[in-house]
Amino acid sequence: MNTQNATKEAVDKGYVSEVVEFLDETTLVCITENVKHALEFLKKNFGFKVLMDLTAVDYLKNDLDPKVFPEGATKVVYLLHNPSDMSRIRVVTYADRGGKLFSVVDLWPGANWYEREVYDLYGIHFQNHPNLTRILMPDDWQGHPLRRDYCLTEESVEFKNGVFPKVPSEIIPYVKDKRSY
Amino acid sequence: MSKTSDLINTSLREDKDIMELHLGPQHPSTHGVLCIKLKLDGELVLDAEPVIGYLHTGIEKECETRTYHQVFTLVDRLDYLSGPAEEQGWAAAVEKLMDIKIPERAEVIRLIMLELARLGSHLLWLGTSALELNMSSIYMYCFAEREKILDIFEGVSGARMFPTYWRIGGLSRDLNDEFIPQTKDFLKNFPSIWKDLNNLLTHNYVWCERLKGIGVIDEKMCYEYMCTGPILRGAGVPYDIRKAYPYLGYENYSFNVPTHPDGDAYARYLVRLEEMNESVSLIYQALDKLKPGPVIVNDRKVTMPPRAELAVSMEAVIHQFKFVSEGISPIPGEVYIPVESARGELGYYVVSNGSNKPHRVRVRSPSFASVQVLKECMRGLLLSDVVVAIASVDPILGDVDR
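Residues numbered from 1 in each chain as written. Chains lettered and ligands numbered in written order. Predicted model: local features only at pLDDT ≥ 70, side-chain atom pairs only at ≥ 80, totals over all residues.

Some words on the domain arrangement of chain B
One widely used convention gives an interface's size as the accessible area the parts lose upon coming together.
Residue and element names in this part refer to chain B.
No. 1: The domain boundaries assigned to chain B delineate domain 1 (1-54 + 370-402) and domain 2 (59-336).
No. 2: Just the C-alpha atoms count here: the centres of domain 1 and domain 2 sit 30 Å apart.
No. 3: If you look at the interface, domain 1 gives 21 residues, while domain 2 gives 23 residues.
No. 4: Elements with a contribution of two residues or more to the side of domain 1 that touches domain 2: α15 (366-372), α16 (374-377), α17 (383-393) and α18 (397-401).
No. 5: Tallying contributions element by element places α17 first for the side of domain 1 that touches domain 2, with seven residues.
No. 6: Split into classes, the residues belonging to the side of domain 1 that touches domain 2 amount to ten nonpolar, six polar and five charged. (Domains from an automatic or database assignment. Contact = placed C-beta atoms within 7 Å. Helix = DSSP H or I, 4+ residues; strand = E, 2+ residues; numbered from the N terminus. Nonpolar A, V, L, I, M, F, W, Y, C, P; charged D, E, K, R; others polar.)

Here it is, written out as structure tokens:
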């Protein structure tokens with residue numbers, strides 16, 4: 001119930017460009033400029049005070065509608081949770097690959113590590129983030145591993161200051177893109 | 001609280017001899033390869049910064065290159081103490097995408113396995129936490145019990161820690177003959193062990209003094225830092241996925257969600273201890289509901305045909321070949337499935353693009369959030385209490401780093 005009201009209000013406010021209902025899960029699609037406003041609006045007015053998850057999905061050139069996203073996009077996903085009536089809502093935005101977004105650390109301090117993770121694995125920059133550094137990969141790692149065009153490689157364990165050029169895997173079939181990352 | 005923050009401020013202002021200490025990553029009491037950068041003034045912790053990533057295995061990336069049924073072996077390894085919960089998350093997500101209703105017997109068996117895994121995980125947590133406070137006998141009691149659970153797992157699936165027992169649409173095989181007597185035997189003995197543990201610890205002077213008031217995470221902090229599971233329930237919020245978003249028919253069972261208002265390490269200990277009791281009662285109820293029947297859906301597009309059929313049916317051979325070589329292809333779309341693992345909300349966010357491999361598998365791990373909150377709850381503690389604070393949030397580093 002809350003989810004429907006929240007969706008309606010957010011659409012009326014003009015923050016949301018598209019509403020997707022799939023298998024009882026509501027997804028609000030926002031443009032990158034509006035996503036933080038939408039999150040703040042939902043948090044303040046509808047009690048979505050927990051950011052349960054923050055992650056991203058990468059799309060290459062032909063994974064999405066080429067008319068809208070000719071160069072592909074990275075979908076950043078925020079999952080909001082309302083602890084009083086257990087309603088949930090997903091807010092997503094399509095950012096440019098390697099593009100910029102406003103950080104939500106001031107709304108949820110816990111978003112800190114989640115945004116660092118998205119930066120580390122996808123290369124999305126979060127503006128006004130207190131400490132946007134790599135979190136899972138070594139500090140001197142090159143590239144962002146969860147991007148779709150990042151090859152799985154066959155090298156063994158990586159050590160600090162010992163990063164060698166990566167060789168696309170012969171065994172594991174994957175996108176074999178020879179570009180440098 | 002104000003007294004400690006005053007102390008911290010004075011130490012920082014006077015620029016005394018501040019020591020930087022890296023606790024871990026190779027330290028037995030950090031529950032895995034967790035590094036904590038501590039700023040110390042004598043024994044007083046001025047600042048703590050957890051550093052993770054030492055166990056990053058890239059399983060989320062690896063999942064994108066595997067077919068849907070190959071992923072089970074990978075996700076098992078994330079939270080290596082409750083593999084069944086990870087498998088349930090993955091299976092439930094794919095089943096939701098493909099609109100599969102699993103047989104009733106499979107549901108009940110899954111529930112029993114999940115609760116056994118929760119018991120095992122809590123027992124290991126209690127044992128190692130006590131060991132860190134130099135109570136090695138409790139460690140032995142806990143591990144002896146956990147060993148029985150692992151034996152049950154071994155009988156059922158052939159593997160002790162990573163069962164890989166789940167399949168999309170049900171389970172890989174039916175229960176072995178010893179399962180029910182073995183489980184009943186375990187359940188019969190467990191309450192006396194539980195009582196022993198309770199007698200040894202709950203009013204133990206050393207245990208209480210070491211745990212009370214350590215690592216306080218209150219309700220507000222839980223919401224800010226997305227903490228779930230025993231941490232949130234230890235802060236007095238009865239939030240449990242099994243009640244909030246029931247799966248596997250949890251709504252048909254009667255069980256309580258234990259809470260405690262204090263939010264410190266002792267509260268979390270009490271919550272976990274009570275949860276073990278609830279799990280035992282859940283398993284009893286589930287054993288009563290166990291009726292004969294199939295354990296996997298009878299749909300050749302989703303599951304392998306039975307072995308015996310291969311000898312007599314050409315169709316079965318084709319189905320098996322297609323299943324093994326190509327796998328299954330859910331409809332395009334995205335789902336998020338939460339599961340209550342032993343550590344809190346374990347979420348599987350699966351994006352399918354209609355092919356036989358997932359486009360994206362995201363594991364929302366409960367430990368990731370609980371390690372992040374350590375930074376906030378450790379300021380002002382003594383060095384010896386840091387170990388208690390880490391143990392009380394029960395991080396599994398395989399789950400944190402994924």
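On we go.
Let's talk about the interface of chain B and chain A
No. 1: The interface is formed by 30 residues belonging to chain B together with 26 residues belonging to chain A.
No. 2: When contributions to the side of chain B that touches chain A are tallied by element, the ones reaching two or more residues are α2 (59-63), α9 (219-224), β6 (333-341), β7 (344-352), β8 (360-364) and α15 of chain B.
No. 3: With four residues, β6 of chain B is the single largest residue contributor to the side of chain B that touches chain A.
No. 4: Among the residues making up the side of chain B that touches chain A, the classes are represented as twelve nonpolar, nine polar and nine charged.

A closer look at the pairing of strand β3 (residues 44-51) of chain B
Residue and element names in this part refer to chain B.
No. 1: Bridge count between strand β2 (residues 35-41) and β3: seven bridges; the pairing is antiparallel. By the bridge assignment for β3, K37 is matched with E49.
No. 2: As consecutive antiparallel partners, β2 and β3 are separated by two residues, and within that stretch G42 has a phi angle of approximately 65°, a positive value. (Pairing = 2+ DSSP bridges.)

Some details on the nonpolar core
No. 1: Counting 157 residues, the largest nonpolar core has A38 and V91 of chain A together with A389 of chain B as the members making the most contacts within it.
No. 2: With 15 residues, the single largest contributor to this core is helix α5 (residues 104-132) of chain B.
No. 3: Inspection of this core shows a minimum of three residues originating in each of domain 1 (1-54 + 370-402) and domain 2 (59-336) of chain B.
No. 4: Contacts of V91 of chain A, omitting those with residues within four sequence positions, involve L28, C30, V35, A38, L39, Y78 and L80 of chain A. (Core = buried A, V, L, I, M, F, W, Y, C linked by C-beta atoms within 7 Å. Buried ≥ 20, exposed ≤ 12 C-beta atoms within 10 Å, placed from the backbone.)

Brief notes about helix α1 (residues 2-13) of chain A
Residue and element names in this part refer to chain A.
No. 1: Helix length check: α1 (twelve residues) gives 16 Å between terminal C-alpha atoms against 16 Å at 1.5 Å per residue, within 8%.
No. 2: Buried residues of α1: T3, A6 and A10, and no others. Relative to the axis of α1, the buried residues are bounded by an arc of 65° and lie together on one face. Turned more than 90 degrees away from the buried face of α1, the exposed residues are Q4, N5, K8 and D12.
No. 3: Packing partners of the buried residues in α1 comprise β1 (16-22), β2 (25-30), α2 (35-46) and β5 (88-95).
No. 4: After α1 finishes, the residue G14 shows a positive phi value of roughly 85°. (Expected span 1.5 Å × (residues − 1). Arc of directions from axis to C-beta.)

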